[in-house]
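Geometric and topological summary
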Amino acid sequence: SAWGHGPAMANPSPRPVAIARWLLFVAALVFFMVVVGGITRLTESGLSITQWKPITGAIPPLTHDQWMEAFRLYQQIPEYQQINRGMSLSDFQFIFFWEWLHRLLGRLIGIAFALPLAWFAWKRAIPAGYGPRLVALLALGGLQGAIGWWMVKSGLTLRTDVSHYRLAVHLLTALFIIGGLVWTALDLLALSRNSRARPARLRPLALVALLALFVQLMLGAFTAGLDAGYVSSTWPLMNDHLVPEGISWMGSLWATVSSDPYLVHFLHRWWAWGAAVALILLARQARRAGQRAPSIAINAAVGTQIVLGIATVLSGIALPLAVLHQAVGALVVASAAWGAHAIGTRRI
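Here we summarise the structure given alongside this text.

What about the packing of helix H1 (residues 16-42) against helix H11 (residues 319-344)?
A packed helix pair is summarised by two numbers, namely the angle formed by the two axes and the spacing between the axes. Running from N to C, H1 and H11 cross one another at 145 degrees; their axes reach a closest spacing of 9 Å. For the pair H1 and H11, the sense of crossing is right-handed. Contact residues: H1 offers Phe-31, Val-34, Val-35, Gly-37, Gly-38, Ile-39 and Leu-42, while H11 offers Leu-319, Ala-322, Val-323, Gln-326, Ala-327, Ala-330 and Leu-331.

Structure, rendered in structure tokens:
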């Protein structure tokens, strides 16, 4: 039968290396998608496609009439009416392209994950215990598509942009998927080297470092969603003040911390150092565990990310720097997962 009960399939042969390589390839695709997502956000392209058609939406408008229909739908939402009124069709096509490419990549990642997974399952090549984890990653990818649409929907009726909370959920889920793919691939590579290897555990130090990074990434997503990067183009002071003027109380501590552009930018700027220290300690621990590569990766990614963050601010949020900042943020996540895995590997 298809799931391998026939005589030809009597001896299942797990293929951990092949599966690990495939997972790392998918992680690279997700990384690329995060970068395109950053461009989509920074070019204000995310609301250009006002419908969610998971299958037929893969084909963009091809005729002039189809383009005019897509443009007409966009002209009905507040972003067009209040911000982009009078934009040309070619300007609309530019923003449409980025959102379409972002969604197309999502579909391609779904196929690049689901089809090989089915094939490995049919060949009975998945090592014992890894099937549920791979299915969970597939489900998370499907959920991410729904989160993306949930985010877009928040900007189609009353607002001129998407909810920064939903943007944060969307970005953090993508980064969590990258971490999960890298971690699972590393577990499988360990298994290929030693058939008795157990999956790595999350150590307390790694948990603290990843939580510190999570807070920083969330603040970064809020900064992007609120356009908070634009409130100051000076560093280290914000408009001649350490704590910027202009912070307004929003009724509750959480609302103020998560929704005031000045405070969000301030917190993202200074929490970075705490997250950096936690990650550097993780890198040192990985090196002590005899793994230099993840240690080098963490230090390089964190150092680059801080320089890029400062440069992005000083440039007044220049698009190439801001996109690079988001891209390296994803590399920080991948290297942190690698380091956390390194110190959580159990010696046999």
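On we go from here.
Details of the nonpolar core
Ranked by size, the top nonpolar core spans 92 residues in total, and within it Trp-22, Leu-23, Phe-92, Leu-181 and Leu-279 carry the most contacts. Sorting elements by how many residues they give to this core places helix H6 (residues 164-193) first, with 15 residues. Ignoring any residue separated from it by four or fewer positions in sequence, one finds Leu-23 in contact with Phe-113, Leu-134, Leu-181, Thr-184, Ala-185 and Leu-188.

Let's talk about the side chain of His-268
The topology assignment puts His-268 in helix H9 (residues 261-288). Apart from the residues within four sequence positions on either side, His-268 is in contact with Gln-216, Leu-219, Gly-220, Thr-223 and His-325.

Points about helix H2 (residues 64-74)
Those residues of H2 that sit buried are Trp-67, Ala-70, Phe-71, Leu-73 and Tyr-74. The buried residues of H2 all sit within an arc of 160 degrees when viewed along its axis, so they share a single face.

A word on the packing of helix H10 (residues 292-314) against H11
Interhelical geometry of H10 versus H11 gives an angle of 155 degrees and a closest axis separation of 8 Å. Regarding the angle of H10 to H11, the classification is roughly antiparallel. In terms of crossing hand, the pair formed by H10 and H11 is left-handed. Considering only residue class, the contact of H10 with H11 consists of 17 nonpolar, eight polar and no charged.

Description of the pattern of salt bridges
What the rule picks out here adds up to six salt bridges. The salt bridge involving Arg-41 is made with Glu-44; its shortest N-O contact spans 3.5 Å. Arg-41 sits in the buried class, given a relative accessible area of 14%. Here the salt bridges share partners, and the residues they tie into one network are Arg-41, Glu-44 and Asp-227.

Topic: helix H5 (residues 131-153)
Quick reminder: α-helices carry 3.6 residues per turn. Residues three or four places apart thus point the same way. In a regular helix each residue adds 1.5 Å, so 23 residues correspond to 33 Å; H5 covers 34 Å between its end C-alpha atoms and thus fits that length. Those residues of H5 that sit buried are Leu-134, Leu-137, Leu-140, Gln-144, Ile-147, Gly-148, Trp-149, Met-151 and Val-152. Considering only its buried residues, H5 is in contact with H1, helix H4 (89-122) and H6.

Some thoughts on the packing of aromatic side chains
Following the criterion strictly, the structure yields 15 aromatic pairs and no others. Both rings, one in Tyr-165 and one in Phe-222, keep their centres 5.6 Å apart while their planes meet at 85 degrees; by these two values the pair is edge-to-face. Placement of the pair is Tyr-165 in helix H6 and Phe-222 in helix H7 (residues 204-225), with a sequence separation of 57 residues. On the basis of relative accessibility, which here comes to 31%, the residue Tyr-165 falls in the partly exposed class. For Phe-222, a relative accessible area of 2% translates into the label buried.

Thoughts on a positive patch on the surface
On the surface, a cluster of positive charge is made up of Arg-284, Arg-287, Arg-288 and Arg-292. A total of three residues in the positive patch trace back to one element, the largest contributor, which is H9. Within the element layout of this structure, Arg-288 appears in helix H9. In this structure Arg-288 comes out as exposed when scored by relative accessible area, which is 58%.

Criteria and cut-off values
Residues numbered from 1 in each chain as written. Predicted model: local features only at pLDDT ≥ 70, side-chain atom pairs only at ≥ 80, totals over all residues. Heavy atoms only, no water. Axes fitted to C-alpha atoms, helices over the stretch in contact; angles between N-to-C directions. Helix = DSSP H or I, 4+ residues; strand = E, 2+ residues; numbered from the N terminus. Left-handed = near helix turned anticlockwise from the far one by under 90°. Contact = heavy atoms within 4.5 Å. Core = buried A, V, L, I, M, F, W, Y, C linked by side-chain atoms within 4.5 Å. Buried < 20%, exposed > 50% of the residue type's maximum accessible area, 1.4 Å probe, protein only. Arc of directions from axis to C-beta. Parallel < 35°, antiparallel > 145°, perpendicular 65-115°, else oblique. Nonpolar A, V, L, I, M, F, W, Y, C, P; charged D, E, K, R; others polar. Salt bridge = Lys/Arg side-chain N within 4 Å of Asp/Glu carboxyl O. Expected span 1.5 Å × (residues − 1). Phe/Tyr/Trp six-rings, centres within 6.5 Å; stacked < 30°, edge-to-face > 60°. Patch = residues over 30% accessible without salt bridge, like charges linked within 9 Å, V, L, I, M, F, W, Y side chains within 5 Å. Areas by Shrake-Rupley, 256 points an atom, 1.4 Å probe, with all protein chains shown as cover. Lys, Arg positive; Asp, Glu negative; His and termini not counted. Charge placed at Lys NZ, Arg CZ, Asp CG, Glu CD.

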